[in-house]
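Listed below are the residues making up each chain.
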2 protein chains.
Amino acid sequence: MNKSANTEYVIHELLRDRWSPRMFSGEEITDDDLNTLFEAARWAPSSNNLQPWRFICLRQGTPEYDKAFDCLAEFNQRWVGNAPVLILTAYKEKTPKGMDNFHAPHDLGLAVANLSIQAQAMGIAIHQMAGLNWKKAQEVFNVPEGFHITTAIAVGFYGGDPDELDDELKKSELKERKRKPVSEFVGNGQWPS
Amino acid sequence: MNKSANTEYVIHELLRDRWSPRMFSGEEITDDDLNTLFEAARWAPSSNNLQPWRFICLRQGTPEYDKAFDCLAEFNQRWVGNAPVLILTAYKEKTPKGMDNFHAPHDLGLAVANLSIQAQAMGIAIHQMAGLNWKKAQEVFNVPEGFHITTAIAVGFYGGDPDELDDELKKSELKERKRKPVSEFVGNGQWPS
């Protein structure tokens, strides 16, 4: 299934063809695959090179996976089992001097994007989810104070059949990817208006 | 100058070779180049597809650029003039229903990373800066309430000569890129320890 972005300007194929499926091929993700994804995240830039990102990596079929699954929103539980791997993301809230690191969630985003582009280059799809009970996840995984669970990410090779999804999910799987025009979020010399 | 990351696992060259210079070639950035960068940002994923990212794009030699330059930390003012373009980034704080969008800064990071990978594919370097007076920038550019300026980004083609930087900047320009090992930020089935 191809969901290439309908772009106004030609962009790199890794960015154009990336999308967030709810179905996956069933092919196994190896430890080397995962290490390569995290290596990509590792080289993201960050404010003062603080690298505030943290990840918990979970394989389906383990008790730890089940604990993470239980933290997901019901809507995500309906499809996330199609992916063999689940990742929880988090950021460190403070700098080494104990100040709030305002840029920490932003920088986690930079690292996750790196991971997603590396995945795309390997034929691996990731689907990021905001819908999780992050407080419950903090408790279940004994996340130390000063860190904040942010998203869950389903990881699996692209593939699968939309007909295996329920009707509502199938519909969202097949709909065109939409974005605002650039003019709505970029201003030249001024705030975009 | 080559500052390829010294990786433990092989990652895509666009991620491996990206770095954040303080010198640039002097080659002009065209409007098409900029539109292509923002097109790449446009197709980032975001929580509920809210696309909370906003950008102000500034060309050196304009009064608006000078206003943005004045908001940068002194350390950044020492080199940022080597780049022909400066971008201010911001995110929208609320959802359409008026709730806090906790994921907005994270999602801005996803969009900026897309922009940076597209730049890399075009031979363009970006250097993100946390060091700016964001409150002053909000005032100067009449940023509406409910948006938060986050970073400034210098944009220019890779190139330039480190000998043209002052000694302190030259030293940081030539030093090796360093990151924590993956084991320090990824935990398998548990919080990284």
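The coordinates are above.
Residues numbered from 1 in each chain as written. Chains lettered and ligands numbered in written order. Predicted model: local features only at pLDDT ≥ 70, side-chain atom pairs only at ≥ 80, totals over all residues.

Draft legend 1. Representation of the interface of chain B and chain A. Across the contact, 57 residues belong to chain B and 58 residues belong to chain A. When residues of the side of chain B that touches chain A are traced back to their parent elements, those giving at least two are helix H2 (31-42), strand S1 (53-59), helix H5 (104-121) and strand S5 (186-188) of chain B. Examining the composition of the side of chain B that touches chain A, we find that 12 residues originate from one element, H5(B), more than from any other. Here strand S5 (residues 186-188) of chain A runs beside S1(B); their pairing, made up of 3 bridges, is parallel. Looking at the pairing, A:Val186 lines up with B:Phe55 of S1(B). (Contact = placed C-beta atoms within 7 Å. Helix = DSSP H or I, 4+ residues; strand = E, 2+ residues; numbered from the N terminus. Pairing = 2+ DSSP bridges.)

Draft legend 2. Representation of the packing of H2(B) against H5(B) in the model. Residues and elements named next belong to chain B. Following both chains from N to C, one finds H2 and H5 inclined at 135°, their axes separated by 7 Å at the closest point. Between H2 and H5, the angle is such that the two are oblique. Crossing of H2 against H5: the hand is right-handed. Every residue of H5 that contacts H2 at Thr36, Leu37, Ala40 and Ala41 is listed here: Ala111, Val112, Asn114, Leu115, Ile117, Gln118 and Ala119. Here the residues of the contact of H2 with H5 sort into 8 nonpolar, 3 polar and no charged. (Axes fitted to C-alpha atoms, helices over the stretch in contact; angles between N-to-C directions. Parallel < 35°, antiparallel > 145°, perpendicular 65-115°, else oblique. Left-handed = near helix turned anticlockwise from the far one by under 90°. Nonpolar A, V, L, I, M, F, W, Y, C, P; charged D, E, K, R; others polar.)

Draft legend 3. Quick peek at the relation of the copies chain B and chain A. Laying chain B over chain A is done by rotating through 180° and shifting 0.0 Å along the axis; what remains is an RMSD of 0.0 Å. Taken together, the turn and the small shift mark the pair as related by a two-fold rotation axis. Mapped onto chain A, 100% of the interface residues of chain B are again interface residues, and the two copies thus contact each other with one and the same surface. (Least-squares fit on C-alpha atoms with pLDDT ≥ 70 in both.)

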